[in-house]
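So the chains spell out like this:
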Amino acid sequence: MDKFLSITVGGFATGAIYAVAASGLVLTYATTGTFNFAHGAIGMVAAFLYWQVHVAWGWSTPVSLVAVLLVAAPLFGVGLERLIMRRLEGTSETTRLVVTISLLLGLLGFSVAMWAPGTNRPMRQFFQGNVLELAGIRIPWHQLVSLAAAAAVAIGLRLLLYGTRRGITMRASVDNRSLVALNGSRPEHSAMVSWALGCSLAALSGILIAPTLTLSAVPLTLLIVNAYGAAIFGRLQSLPLTFVGAMVIGLATSYGIGYLSSLPTDLQPYARGLVDALPAIVLLAVVWLLPASRLAQVTRTREIAAKPSWGGAIALAVASVVGSAMLAPLLTTGELVSIGRLWGIAIVGLSMIPVIGLSGQLSLSQLTFAGFGAVAYAHLGWANPLGLVWAALVAGVVAGLVALPLVRLQGIYVALATAAFTVLCDRWLFPLPEFSIGSRPFQFFPGSLPVVRPHLLGIDLTSPTASFVYASVVFALLALLVVAIRRSAFGARLIAIKEGPAAVATAGISVAAVKVGVFALSGAIAGIGGAILSSSSPATVSQFDLVAGLPILLVMVVGGITSVGAPVFAGVFLGSPLPTKLMSGHFDLGRWQNALIGLVGVSVGRNPNGVSAALNPAGRRVKADLPVAAALIVALGTAWGLRITETISNGPYVALTIAALVGSVWLARRRLPEAISLAELDSVRGVASGATAPMIEPELLGLTVPYTPEAVAALDEALDLASAGRRVEVSSAGG
Amino acid sequence: MTTLLELRGIRAGYDGLEVLHGIDLVVEAGSVVAVLGPNGAGKTTLLRVVSGELEPSGGDLVVGGRRLNGVPAATLARAGVCTIPEGRGVFPNLTVRENLWMMTHRGVGRSEVEETAFAYFPQLAARTDQVAGTMSGGEQQMLALARAVVTGPALLLLDELSMGLAPLVVQGLFEAVDRLARAGVAIVIVEQFVDAALDLADRAVIISQGRVSSEGAPAQIRDELRAAYFGAA
């Protein structure tokens, strides 16, 4: 009984810390509309900072607390709002989420760079050694401090949000920012207060939880998943329900950990991961039980999913394969192994285009689906293309099943549910010890997966060189598939469920079927990516976890999440040593890579359509200028010739290639009179030839651009109305 | 009469696309000016300029004798420019009482705000703790108008107050606006219900394609509109 009581009190104390964290999360979401994925990371950095000033520099407890909770954290929040969050108005939920994910990675990278991991940094509990004896149970004062902090936060927030004009303004800002200004208040001040308070609450929870764990960056950051569950319990609005949720999660984990040892010894390894994943399970359960979101009428953002042309897609596919074939012979086996992940990562990135880019479903599980693909590929062990089919099938089915309960939900809830599923797989399913299915023993990841490379139509693809080129061929085919999807009626439906789900439903299309379909399809593509990843090097569980998946999403969004060029960017950046090599000797990129990715990611708010969209005009200019395009091809070929004959080494080769690309853009721009805009360029080239649709902004047609039949035809083409019109004509003629 | 609001050659637009091409308008203290015109003429843009939501790209926005180009909306609101924007001018997730508390910025206490508002609109008194978004459209506009009642502004800007409401409800709202006008509040009213707006107005302007195309007494404007729609008699 004493054990039960003391575990219960411990559970409440842990729940109290989750409540503090979750209330900060709810506060920023409910008052600014941005779900801060980096909330846990802010708490983590605050805990490290507290250790720095209190333990390393010896400042007293009160001074350290004031410095972190009342100075550093609020200042960080204010800076965050002024420099980043304020610029996110008019962007989609995906972009906003990605910006906070960038922040998470940036802070994670920052903390690793500042406080090298592996060093023991003990943090004492508050009033360590003091216990309160109550009815036979011993309660450490730290737990009492946690409970008191949660109570103070609960009362304080209630008074602030419902009793003060500032608090009411903070809530009103979510409803209608411009109306707040018309009411004589400044919504930007409210947002600043929200972020400052949110960061302080994150810091408080970080400082309270750190002494009960080890002071380590990733576990502290991911602890936020526990708070997500609580926040969702309160539907990201209700603070009382958030507190209830936090207590439920606190108690569940406390009982789980407390009674794990009571299980039979042979069962314990199977249950341990389950206890770790309990908060994720609670989160999943709550999300599944949530009532269906109302279908949004129309979502207007400044993000555009441009329709890719077949010409461009084929050029990319050919360039990927030819580029790989040119590159592979230049590399040593060791280099090929380290660059081998490029195409696997690129395919996982590609899988994000239909589900996140087009349909706006924020799946954070793509790399987990890739994990299922890798497991299927390695276990079914068919070293031929059928192995990839199995990988696609298994991952597609898993993704479809994950999507089933999510079809009723939108936006952030999809992101959180998929994050919870990923955490469940990371912590429990994938690391499970061996078990039997029927009479066959099975283990998802027996240490690492065996590397399986195929024979195809009698061609041996087992060498690293052949395998690398084979991977690029798989990528190229899948990229063409994604372009075909985007150009198809299904692709139009995907964009429609992102921009106007209510309109889709009223048009008689099942939003649920489209969502499950796109999840299954994207899951299947990711599964192939996983198979390709595991065929390049021995795959382990950690390669497929949540933290590993976030940079891919981030680089995809930075590159342009609807563009098939972005996955190549993701593959090169994350799956090859190229960026590290380029910087070697000048800058320790490995150490700062995540921080840099984070910094780049937070800039997404400025250009939500990504780098690809920004580069597109440059590419078109080069393509339009035949002499420059020819010169570029000659320059690229010459550089490769110099490298293959070993006249130059890798460094100058990469430098020459980049110089050729940048130079051609510069030259094309110089040769084109500045006065001629791209739209004019297109009209000169002639729309009737169907080579490229001109870039016309529909709103401006007839206002700043002449309203010509050609322009209308081009718009119809861009909107897929031309073929629809033809179909109608054909069917009416037939009838 | 003193001039409260003066627009001199106001130019404004969105993303480089000019919507207003030089608007001149004078509103005397305590007078009611109806701004009429077809869809897309620039009426709402004009109100957005006056309320401070949109900075004009040219011309002068003069309120109370001071040029106030680029002054933020919140500052203008505190200075006595009250705007009821197009759509429902309330915060749908706040209760009636909390919506009213948002209006305490002019140094008026909470209880005073509630008292004044409920005296003007007794229907609201029974709904103090109801979430505004769950009220009928007419009640929501009443709550929005209550802002003008309790803050005692010098200038009230009304953008399509009647939009989507039944004629009987609109009549009630216009009576409230009339009471405000008689209490000396200057009002600029943009309205689809042309007759109701002209009944209320001391003066009317017609805006067409971002320019003032006609200006005069309500009776004169009524005749012009009739001629435009049905041809000269």
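Residues numbered from 1 in each chain as written. Chains lettered and ligands numbered in written order. Predicted model: local features only at pLDDT ≥ 70, side-chain atom pairs only at ≥ 80, totals over all residues. Heavy atoms only, no water.

**Comments concerning a nonpolar patch on the surface**
Under the convention used in this document: What goes into a patch is any residue over 30% in relative accessible area without a salt bridge, connected to like charges within 9 Å or, for nonpolar side chains (Val, Leu, Ile, Met, Phe, Trp, Tyr), within 5 Å. For accessible areas, the Shrake-Rupley method is used with a probe of radius 1.4 Å. Any residue's cover is judged against the shown protein chains and nothing else. A pair is scored as a salt bridge if a Lys or Arg side-chain nitrogen falls within 4 Å of a carboxyl oxygen belonging to Asp or Glu. Only DSSP runs of H or I with at least four residues qualify as helices, and only runs of E with at least two residues qualify as strands; both kinds are numbered from the N terminus onward.
A contiguous nonpolar patch, built from A:Phe127, A:Leu132, A:Leu134, A:Trp141 and A:Leu144 and spanning about 440 Å² of accessible area, is present on the exposed surface. Within the residue set of the nonpolar patch, elements represented by two or more residues are strand E1 (131–134) and helix H5 (141–163) of chain A.

**Observations regarding the packing of aromatic side chains**
Applicable threshold: Only rings of Phe, Tyr and Trp enter the pairing, Trp through its six-membered ring, and a pair is recorded when the two centres are within 6.5 Å. The plane angle decides the type: under 30 degrees is stacked, over 60 is edge-to-face, the rest tilted. Residue burial is assigned from relative accessible area. The probe radius is 1.4 Å, only protein chains are included, and a residue is buried under 20% of its type maximum, exposed over 50%, and partly exposed in between. Consider the ring centre and the ring normal. A charge sits over the ring if Lys NZ or Arg CZ is within 6 Å of that centre and within 35 degrees of that normal.
For the coordinates displayed, the defined rule picks out 24 aromatic pairs over all chains. Taking the centre distance of 5.3 Å and the plane angle of 55 degrees together, the rings of A:Phe35 and A:Tyr228 count as tilted. Note that A:Phe35 is positioned in the loop between helix H1 (2–32) and helix H2 (39–56) and A:Tyr228 in helix H10 (residues 224–233), a separation of 193 residues in sequence. Take A:Phe35 and A:Tyr228: they sit in the same class, and that class is buried. Aromatic pair A:Trp57 and A:Trp59: ring centres 5.9 Å apart, planes at 45 degrees, arrangement tilted. The partly exposed category is assigned to A:Trp59, whose relative accessible area is 36%. Aromatic rings pair up to connect A:Phe369, A:Phe372, A:Phe421, A:Phe430, A:Phe435, A:Phe442, A:Phe444, A:Phe445 and A:Phe544 into one cluster. Over the face of the ring belonging to A:Trp51 we find A:Arg121, whose NZ or CZ atom lies 5.3 Å from the ring centre. Positioned over the ring face of B:Tyr120 is B:Arg179, at 4.0 Å from the centre of the ring.

**Structural notes on the confidence of the model for chain A**
All names here are of chain A. Test applied: Confidence of the predictor at the level of single residues is given by pLDDT, which spans 0 to 100. Pairs of residues are marked as contacts when any of their non-hydrogen atoms sit within 4.5 Å.
This prediction gives chain A a mean pLDDT of 81; 84% of its residues lie at or above 70. Segment residues 684–694 is flagged for pLDDT under 50; beyond a separation of four residues in sequence, or across chains, it makes 11 contacts in the model. Across residues 724–735, confidence stays below pLDDT 50; counting only partners more than four residues off in sequence or on other chains, it has 0 contacts.

**Observations concerning the packing of helix H24 (residues 546–559) of chain A against helix H25 (residues 566–575) of chain A**
Residue and element names in this part refer to chain A. Here is the rule: Only the stretch in contact is used when fitting a helix axis, every axis being a line fitted to C-alpha atoms; angles between N-to-C directions are given from 0 to 180 degrees. Put simply, angles under 35 degrees are roughly parallel, angles over 145 are roughly antiparallel, angles from 65 to 115 are roughly perpendicular, and the rest are oblique. Left-handed describes a crossing in which the near helix is turned anticlockwise from the far one by less than a right angle; the clockwise case is right-handed. Under the grouping applied here, Gly and all other residues not named as nonpolar or charged are polar, the nonpolar ones being Ala, Val, Leu, Ile, Met, Phe, Trp, Tyr, Cys and Pro and the charged ones Asp, Glu, Lys and Arg.
Interaxial distance between H24 and H25 falls to 8 Å at its minimum, and their mutual angle equals 135 degrees. Put simply, H24 runs oblique to H25. Viewed along their axes, H24 and H25 form a crossing whose handedness is right-handed. Judged by residue contacts, Pro551, Ile552, Val555, Met556, Val558 and Gly559 of H24 engage Ala566, Pro567, Phe569, Ala570, Phe573 and Leu574 from H25. The residue inventory of the contact of H24 with H25, partitioned by class, reads 11 nonpolar, 1 polar and no charged.

**Re the sheet that holds strand E8 (residues 186–190) of chain B**
Residue and element names in this part refer to chain B. Rule in force here: Following DSSP output, two strands are said to pair if at least two bridges run between them.
Strand order across the open sheet formed by 6 strands is E6-E7-E8-E3-E9-E10, with mixed pairing between neighbours. Among the strands making up the open sheet, the edge pair consists of strand E6 (81–84) and strand E10 (211–216). Adjacent strand axes in the sheet meet at a mean angle of 15 degrees, parallel and antiparallel pairs treated alike. When strand E3 (residues 32–36) meets E8, the two strands line up parallel, connected through 4 bridges.

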